[in-house]
2 protein chains.
Amino acid sequence: MTAKNDPSRSLALLWGSHTTPGRSGLTVRSIVTAATAIADAEGLAAATMRRVADRLGVGTMSLYTHVPGRAELTELMIDIAYGELYADVDEPAKATGGWREGLRLVGERNWDLYQRHPWLLQATGARPVLGPHATLKYEAELRPLDGIGLTDVQMDSVLTLVLTHVEGVARIQADLARTEDGSGMSDQEWWLSTAPALEKVMDASRFPTASRVGQAAGEHHQASVDPAHAFRFGLARILDGVERLIEEKSPEAGEG
Amino acid sequence: MTAKNDPSRSLALLWGSHTTPGRSGLTVRSIVTAATAIADAEGLAAATMRRVADRLGVGTMSLYTHVPGRAELTELMIDIAYGELYADVDEPAKATGGWREGLRLVGERNWDLYQRHPWLLQATGARPVLGPHATLKYEAELRPLDGIGLTDVQMDSVLTLVLTHVEGVARIQADLARTEDGSGMSDQEWWLSTAPALEKVMDASRFPTASRVGQAAGEHHQASVDPAHAFRFGLARILDGVERLIEEKSPEAGEG
DNA sequence: GGCGGTACCGTACCTTGTACGGTACGAGGT
DNA sequence: ACCTCGTACCGTACAAGGTACGGTACCGCC
């Protein structure tokens, strides 16, 4: 019994105590911390069971005493990381500037978190991690949207939109960083070394808009992509779109 | 020489002919087609070199005669898939309804493509695939935004925003589908089997907004997440936000 | 008819998660 | 003080995947 997918097994692990040590001082907490440190520095793939165990000075299989498997370890890493987001559950709702600044704070904090822990992007999957910090995150992020005229379903949709945007742009950023230090070549270097070969093989006159816009964007960002700019530009558009949705619902508010 | 990263190696492969056969009839095209078929059905991870070779009735290592490695095979798969997007390069620009409907078409077509080829989400990385179809895609998707008052940089930013949104939501959808038929459990089943255990371990009164909104959203979508709804809701907000950006730039256009 | 290039492929190595079965530590009872 | 038993710890082994290496055999050309 206690099958691998048993939901209560995972939940008990997530919500339980992580600090009761075994004989050698090994705890769930120390395992998660070690795995996170490796993943921060070298990506989720580098945080193998062997690497984590080595870092802790224990045998690989010892980890399995505290954690059912790699999947569950990853869930723990995610939930613990979410704990870094907000000082308290009301932080976004207390932002001066109303729902708009609150939602912007949510975006920024998630963005910052992805900068610190890019592996989160490779780790989060279909099913939400129902740990204590994940739950608190959802609560904290919904509060600034409460009582401003949106339905409950719309509140959820708006938050999902913002979080999806942050995640998407952060993923581009993380892929970029990973590729750059995997290949030892910056985005700009890569482009400079690729462009001449590309010109040889493609006929730019067939792609006039792409050539013009691509060139302009490349020069403006000094790179082929600029995730930080995409984040801010996109967030601004999205907040404007949400504002319009709210205005539509309370037309009498006018433009006061 | 002809190092693994040699950009002109990749480019020549992408832009070259894929239909000149070897002794056993093996071609780049047939390899890509086989790999795509497997990936469509079972995910990118299932399209291993061994599986692809088996499907073609050749030895595993024979693939390496035509394709330098798995990474390059994946690039080819991506570029070929992009070829399915538009009937011709002016299709989005010709949409009735101006830039807004053109951009919506771009969103919908990319969404549909991700439905057909979910592995694209696992395959696309930091650096764009500079193949012929990828280039044509960029050209086609920029055209509806040309000449409506946006700067070149803004055109690129708006397109990036829409594509990032589609990708993000499609990724949620794909993760969900993969998890569902990996575990043989639907999202709803998973939730029904998890919720009771969750209630035991978490105190709902600490998370009033999350509980209320989560419940409302869950009931409305009949699932814990609804990617199709997120796609449409988000796209509508984004298009509204872009509209406001365009209006700001030509204030005299007023609200006529 | 012979020769050279290249398409094809069998074998082997390395890496990762984890099943399995053993070992040994330490707490509790006598 | 000693024995016992639960469980923390871990060594070994296996399967799967990418691909390096070195061979084999086919085809076109002289």
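Rules of the game
- Residues numbered from 1 in each chain as written.
- Chains lettered and ligands numbered in written order.
- Predicted model: local features only at pLDDT ≥ 70, side-chain atom pairs only at ≥ 80, totals over all residues.
- Heavy atoms only, no water.
- Contact = heavy atoms within 4.5 Å.
- Buried area = accessible area lost by both parts, 1.4 Å probe.
- Salt bridge = Lys/Arg side-chain N within 4 Å of Asp/Glu carboxyl O.
- Polar contact = N/O pair within 3.5 Å; in protein donor to acceptor, adjacent residues only side chain to side chain.
- Helix = DSSP H or I, 4+ residues; strand = E, 2+ residues; numbered from the N terminus.
- Nonpolar A, V, L, I, M, F, W, Y, C, P; charged D, E, K, R; others polar.
- Buried < 20%, exposed > 50% of the residue type's maximum accessible area, 1.4 Å probe, protein only.
- Core = buried A, V, L, I, M, F, W, Y, C linked by side-chain atoms within 4.5 Å.
- Least-squares fit on C-alpha atoms with pLDDT ≥ 70 in both.
- Near = heavy atom within 4 Å.
- Domains from an automatic or database assignment.

Quick word on the interface of chain A and chain B
Part 1 of the argument: Each partner contributes to the interface: chain A provides 74 residues, whereas chain B provides 74 residues.
Part 2 of the argument: Interface area, chain A with chain B, both sides summed: about 6300 Å², of which 69% is carbon and sulfur.
Part 3 of the argument: One salt bridge connects B:Arg244 with A:Glu243, and the closest N-O pair in it is separated by 3.2 Å.
Part 4 of the argument: Inspection of the chain A/chain B interface yields 14 residue pairs in polar contact (both at pLDDT 80 or more).
Part 5 of the argument: Listed by contribution, the elements that provide at least two residues to the side of chain A that touches chain B are helix H1 (7–15), helix H9 (132–142), helix H10 (152–183), helix H11 (187–201), helix H12 (208–221) and helix H13 (227–249) of chain A.
Part 6 of the argument: Residues that form the side of chain A that touches chain B fall into these classes: 34 nonpolar, 22 polar and 18 charged.

Notes on the pattern of salt bridges
Pairing between side chains of opposite charge can happen when the charged atoms of each approach one another.
Part 1 of the argument: Tallied over the full model, the rule gives 36 salt bridges over all chains.
Part 2 of the argument: Note that A:Asp152 and B:Arg212 form a salt bridge whose closest N and O atoms lie 3.0 Å from each other. On the criterion of chain membership, the pair formed by A:Asp152 in helix H10 and B:Arg212 in helix H11 (residues 208–221) is interchain, its members lying in two chains.
Part 3 of the argument: For B:Lys94, the salt bridge identified is with B:Asp88, shortest N-O distance 3.6 Å.
Part 4 of the argument: Judged by its relative accessible area of 56%, B:Lys94 is exposed.
Part 5 of the argument: With relative accessibility at 33%, the residue B:Asp88 sits in the partly exposed group.
Part 6 of the argument: Look at the salt bridges and you will find they share partners, linking A:Arg100, A:Arg237, A:Asp240, A:Glu243, A:Glu247 and B:Arg244 into a network.

Some points on the nonpolar core
Part 1 of the argument: Within the largest apolar cluster, 142 residues are counted, with the highest numbers of intra-cluster contacts made by A:Trp119 and B:Trp119.
Part 2 of the argument: Beyond its immediate chain neighbours, meaning those up to four positions away, B:Trp119 contacts B:Thr36, B:Ala39, B:Asp40, B:Leu44, B:Met77, B:Ile78 and B:Ala81.

Some words on unusual backbone geometry
Part 1 of the argument: Phi at A:Gln222 is positive, roughly 55°, even though this residue is not glycine.
Part 2 of the argument: If you trace the backbone, A:Gln222 turns up in the loop between H12 and H13.

Side note on the relation of the copies chain A and chain B
Part 1 of the argument: Screw-axis analysis of chain A against chain B gives a translation of 0.0 Å along the axis, an RMSD of 0.0 Å, and a rotation angle of 180°. Viewed as a symmetry operation, the transformation between the two copies matches a two-fold axis. Within chain A, A:Gly241 has its C-alpha nearest the rotation axis, a separation of 2.1 Å.

Let's talk about the protein's contact with DNA strand D
Part 1 of the argument: Around DNA strand D sit 19 residues in total, of which A:Arg23, A:Ser24, A:Ser62, A:His66 and B:Arg50 are the nearest.
Part 2 of the argument: The sugar-phosphate share of atoms of DNA strand D within 4 Å of the protein amounts to 54%.
Part 3 of the argument: One of the backbone nitrogen or oxygen atoms of B:Met49 is found 3.1 Å away from a phosphate oxygen of DNA strand D.
Part 4 of the argument: Separating a phosphate oxygen of DNA strand D from a side-chain N or O atom of B:Tyr64 is a distance of 3.1 Å.
Part 5 of the argument: Counting only elements with at least two residues in the surface near DNA strand D, the list comes to helix H4 (63–66) of chain A together with helix H3 (49–56) of chain B.
Part 6 of the argument: Partitioning the surface near DNA strand D into residue classes produces six nonpolar, nine polar and four charged.

Describing the domain arrangement of chain A
Where interface size is given, it is often the accessible area lost as the parts come together that is meant.
All names here are of chain A.
Part 1 of the argument: Domain boundaries in chain A define domain 1 (7–82) and domain 2 (91–184 + 226–253).
Part 2 of the argument: Placing a centre on the C-alpha atoms of domain 1 and another on those of domain 2 gives a separation of 27 Å.
Part 3 of the argument: On the side of domain 2, 16 residues touch domain 1, which itself brings 15 residues to the contact.
Part 4 of the argument: Summed over both partners, the interface of domain 1 with domain 2 buries about 1500 Å², with 74% contributed by carbon and sulfur atoms.
Part 5 of the argument: It is Ile 78, Asp 79 and Tyr 82 that lose the most area in domain 1 upon contact with domain 2, and together they represent 38% of the buried surface on that side.
Part 6 of the argument: Taken together, the links from domain 1 to domain 2 amount to zero salt bridges.
Part 7 of the argument: Contributions of two or more residues to the side of domain 1 that touches domain 2 are made by H1, helix H2 (28–42) and helix H5 (70–82).
Part 8 of the argument: Per-element accounting of the side of domain 1 that touches domain 2 gives the leading share, eight residues, to H5.
Part 9 of the argument: Taken together, the residues of the side of domain 1 that touches domain 2 break down into 10 nonpolar, two polar and three charged.

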